[in-house]
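If you want the building blocks of each chain, they are given just below.
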Amino acid sequence: EYVDATRICKKPLVSCCVFTYNQEKFIRECLDSIVAQKADFEYEVLVCEDCSTDGTLAICREFQTRYPEKVRIIHANHNYYRGALNFRRGYELARGEYIAICEGDDYWCNDKKIQLEYNAAKEKNAVAVFTDNKTLKGDQLSPKGVFEGQNLYDRIAHFTREDFIAERFGCERDNALNFATATTFIQKNISDILQKY
């Protein structure tokens, strides 16, 4: 682990978990969008780096040096090959009560993302929150998001523990909400549900 133990925040409310492997073209924009978050609570950026063979780790280490109060890097000695195993490392090592996920080739376009999601989770007593997203391919932005055409506040989906299990992991998987990983904001105490699937 690469961390400045004397400067890293002691009790983060949110762990922003970044999962990355060979994403040197994208990881800088991803990390920039996360360290720029404006929140009235402490948060950590936990980078789970899966033994990249390109310059991904060097860029992550640069961020850890620049933002020692926020960034921790968990570096693997070997490649896990399966993304689920790298995700599991993040869930196990995250120190926050909530986990916000962003894969290394994604980024957040709102600098209040985790604050808004936390507020929504508390207000609705939700264990999981998912927000709208768009996809950028080359220089083309997808014309519609998941919740396109709704009011801004309604572009956040809220789930109780029971709702979350039924909607995302129930038998009726064809009807499950199609949310992007980069919009996931969950209570850490439900991460055991995610690890089973």
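Quick notes on the rules
- Residues numbered from 1 in each chain as written.
- Predicted model: local features only at pLDDT ≥ 70, side-chain atom pairs only at ≥ 80, totals over all residues.
- Heavy atoms only, no water.
- Helix = DSSP H or I, 4+ residues; strand = E, 2+ residues; numbered from the N terminus.
- Buried < 20%, exposed > 50% of the residue type's maximum accessible area, 1.4 Å probe, protein only.
- Contact = heavy atoms within 4.5 Å.
- Areas by Shrake-Rupley, 256 points an atom, 1.4 Å probe, with all protein chains shown as cover.
- Polar contact = N/O pair within 3.5 Å; in protein donor to acceptor, adjacent residues only side chain to side chain.
- Core = buried A, V, L, I, M, F, W, Y, C linked by side-chain atoms within 4.5 Å.
- Pairing = 2+ DSSP bridges.
- Right-handed = clockwise from strand over helix to strand, strands pointing away.

Novice: Can you lay out the overall build of the protein chain for me, pointing to particular residues and giving the numbers?
Specialist: Regarding its fold elements, the protein chain presents six helices and nine strands. A buried classification covers 47% of the 197 residues belonging to the protein chain. Taking all contacts inside the protein chain whose residues are at least 6 apart in sequence as the whole, residues at least 24 apart take part in 79%. For the protein chain, the accessible area works out to roughly 10700 Å², and carbon and sulfur atoms hold 48% of it.

Novice: How would you explain the environment of A36 if you had to name every residue and give the values?
Specialist: Along the polypeptide, A36 turns up in the loop between α1 (27-35) and β2 (43-49). Taking the C-alpha atoms as reference points, A36 and K112, separated by 76 residues in sequence, lie 8.7 Å from one another. Setting aside residues no more than four positions away along its own chain, A36 makes contact with Y43 and D111.

Novice: Which residues make up the environment of D54, and what values do they have?
Specialist: Position of D54 among the secondary structure elements: in the loop between β2 and α2 (56-66). You can call D54 partly exposed: its relative accessible area is 25%. Along the chain, D54 and E24 lie 30 residues apart, while their C-alpha atoms are 6.6 Å from each other. For D54, the side chain forms a polar contact with the side chain of T56, separated by 2.7 Å.

Novice: Outline the side chain of S33, supporting the account with residue identities and numerical values.
Specialist: Here S33 lies in helix α1. For S33, the contacting residues outside a window of four places in its chain are Y107 and W108.

Novice: Can you lay out the nonpolar core for me, pointing to particular residues and giving the numbers?
Specialist: Ranked by size, the top nonpolar core spans 30 residues in total, and within it V14, I34, V45 and F185 carry the most contacts. Those elements giving two or more residues to this core turn out to be β1 (14-20), α1, β2, α2, β3 (71-75), β4 (98-103) and α4 (113-124). The biggest single contributor to this core is α1, with five residues. The residues contacting F185, other than those within four sequence positions of it, are V14, Y98, I99, A100, I114, E117, Y118, A121, V127, A128 and V129. C17, I74, V127 and A128 belong to the second-largest nonpolar core, a separate cluster that totals 15 residues.

Novice: Would you mind going over the pairing of β1 in detail, with residue names and values included?
Specialist: Counting buried positions along β1 yields seven of seven residues, so the element is predominantly enclosed. Looking at chain direction, β1 and β2 are connected through seven bridges and run parallel. Of the residues in β2, the one forming a bridge with V18 is V47. Read from β1 through α1 to β2, the crossover connection turns out right-handed. Looking at chain direction, β1 and β4 are connected through six bridges and run parallel. Residue pairing in the sheet places C17 in a bridge with I101 of β4.

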